[in-house]
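Observations on the model geometry
Spelled out from the first residue to the last, the chains are:
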Amino acid sequence: MLVLRFSAAIMGCDALEGINYDGSMIVLQHWNMLMLRKGCLMKTIKNLWDGSFFDRYFFGILLAIELLMSFTFLGYIHIPPISVTIAYVPILVAGCLYGPEQSVVLGIVFGTASMYKASASYVLPADAAFSPVLSGSPISSLLLGVGTRALFGFIVGMAFHFVRERKHYRLWIGMISGIAPKIHSLLVYTAMGILFPELGYRYDSAFHWDFNNTVYMIICIVVVELFWTIYHSDTLQDVKLCIDQSVNNPYAPKKMNLFFAAFEFFVLCMSVFAAIYFSQRESYTLEQHGVMVSDQISSDLLLLQIQFLIASLSLNAISVILLVSTYKYMSYKEYQGEIDEVTGVMGRKIFLYHCEKAQKANGSKSERTGWFLFVDADYFKEINDTFGHSAGDKVLREIASNLQDIFDNDGKVGRIGGDEFAVMIEKPMTGQELKRRLERFLESISGALPDKKVTCSIGAYQFVFPQSVKHLLLETDTMLYEAKENGRACYRVKELNN
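Residues numbered from 1 in each chain as written. Predicted model: local features only at pLDDT ≥ 70, side-chain atom pairs only at ≥ 80, totals over all residues. Heavy atoms only, no water.

Moving on: the confidence of the model for the chain. Taken residue by residue, the chain gives an average pLDDT of 84. The fraction at 70 or more is 87%. Per-residue pLDDT stays below 50 along residues 1-38; that stretch engages in 39 contacts with residues further than four places along the chain or on separate chains. (pLDDT = per-residue confidence, 0-100. Contact = heavy atoms within 4.5 Å.)

Right under this line is the structure:
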């Protein structure tokens, strides 16, 4: 009953009330409850996915590390008559860095992996209790293997969440990490005592302390504190910012995501084919050497081969995630190098590159129209000479900021010269609407300096996608010249029907 109530709490649902926990109806009733509350599960999944791109990648690496530890010697230490595990370390890291939702997910992964490993015929007797196949009680094994690990993830995740904002939080994080191995042991041994009393384990089995327990405690403290330090370092936070902002990078071709997905799918297929091949050759090789391979031996060999396959895929997943992250980080750094330092808008090179891409992206949309604008600060040299370069920079920033406020939802703004800006409007807009916005822009920037009215000359040209960027520059420059010839502090607009 406790495990069932807790599984509802994990999913963010109300405590179970009014359910009869006696008899065989318990599983059916619990399943009905899960179906009725499936919205809670969907909400949890959405919360896991709504984080930053960097956090998704980092969490993906933690998942891969969890699988790698679960399916290799890295996560288990065999001390007869039972295997002692440290594969819960990624659960602690996820709980510390993120929260209970992430740590519960890793706990479920860890528990599922432990059930799989326990299903081989050669496991120690106590480990067979974790296997729904060998234990003779599938539900009990599920609660023991997955339920206790999910509960462990929830407890440590909530504990980290509670102390994260407290004073001396690093000390509290170390304390929680240090006692985490005993919390895990207490949950597992208690569940074993309740579900499989014949094995002789009880909750007080967790209170035994020896040198190994000291080692596990130190490992947990060092690893969690190390991950916390690295994650919150200035270097990694800079990497996080770049990866999260990479979605706005016009340099990054969308086809690269397809390439990485195709590459991962190719590796997956090749790994599966290799696993099947080696599994068949193992049995054949043993038979050639006179070793009769029974169905049980063949099944165990297949289980081992699948474990090796999952471990290999986990390593590959870590490599691909690091490769994708590095690519996005480097391409965004390149993009940052093209951003104008004074105004924060695109520089000339990246803006014109974006215009070329916009022509291709919108060219397939029948008769779609756009606008190209040149905005030139009037008498900018006089402003610099009279009020200083700091005042000139302020004027440039005001122009860029107001252009972004007015047009950023419809296109992009770039600084293409000393005091000259350009705007590519990619969404249909009437000439009347454009003039209304230009009037608002001229009014907004007029008060950029306290002792002088700031004005701009503007040329605007309407076009149909796709259009040569060179042609857009030429036509819009003509309209800008007309505005200057008309006395400046105004705009000239050329519509398609003119």
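Bringing the nonpolar core into the picture now. Of all hydrophobic cores here, the largest spans 43 residues; its most connected members are Phe58, Tyr88, Leu92, Phe152 and Phe160. Of all elements in the fold, only α4 (53-70), α5 (89-97), α6 (100-117), α7 (138-163), α8 (169-195), α9 (211-231), α10 (234-245) and α12 (295-337) reach the threshold of two or more residues within this core. Ranked by residue count, the leading element in this core is α4, at 8 residues. Apart from the residues lying within four places of it in its own chain, the contact partners of Phe58 are Leu97, Tyr98, Phe227, Tyr231 and Leu236. Counting residues in hydrophobic clusters, the runner-up holds 33 residues, among them Ala377, Ala400, Ile458 and Ala460. (Core = buried A, V, L, I, M, F, W, Y, C linked by side-chain atoms within 4.5 Å. Buried < 20%, exposed > 50% of the residue type's maximum accessible area, 1.4 Å probe, protein only. Helix = DSSP H or I, 4+ residues; strand = E, 2+ residues; numbered from the N terminus.)

Quick look at the packing of α5 against α9 now. Think of two packed helices as two axes; the pair is described by the angle between the axes and how far apart they sit. The N-to-C vectors of α5 and α9 enclose an angle of 40 degrees; their axes lie 10 Å apart at closest approach. Comparing the axis directions of α5 and α9 gives the class oblique. The element α5 and its partner α9 pack so that their crossing is right-handed. For the pair formed by α5 and α9, the contact residues are Val89, Leu92, Val93, Cys96 and Leu97 on the first element and Cys220, Val223, Val224, Phe227, Trp228 and Tyr231 on the second. When its residues are assigned to classes, the contact of α5 with α9 shows 11 nonpolar, no polar and no charged. (Axes fitted to C-alpha atoms, helices over the stretch in contact; angles between N-to-C directions. Parallel < 35°, antiparallel > 145°, perpendicular 65-115°, else oblique. Left-handed = near helix turned anticlockwise from the far one by under 90°. Nonpolar A, V, L, I, M, F, W, Y, C, P; charged D, E, K, R; others polar.)

A word on helix α11 (residues 255-288). Taking 1.5 Å per residue, 34 residues should reach 50 Å; α11 reaches 49 Å between its end C-alpha atoms and fits that length. Buried within α11 are the following residues: Phe260, Val267, Ser271, Ala275, Ser279 and Ser283. Elements in contact with the buried residues of α11: α12. Looking one or two places after α11, you find Gly290, whose phi comes out positive at around 85 degrees. (Expected span 1.5 Å × (residues − 1).)

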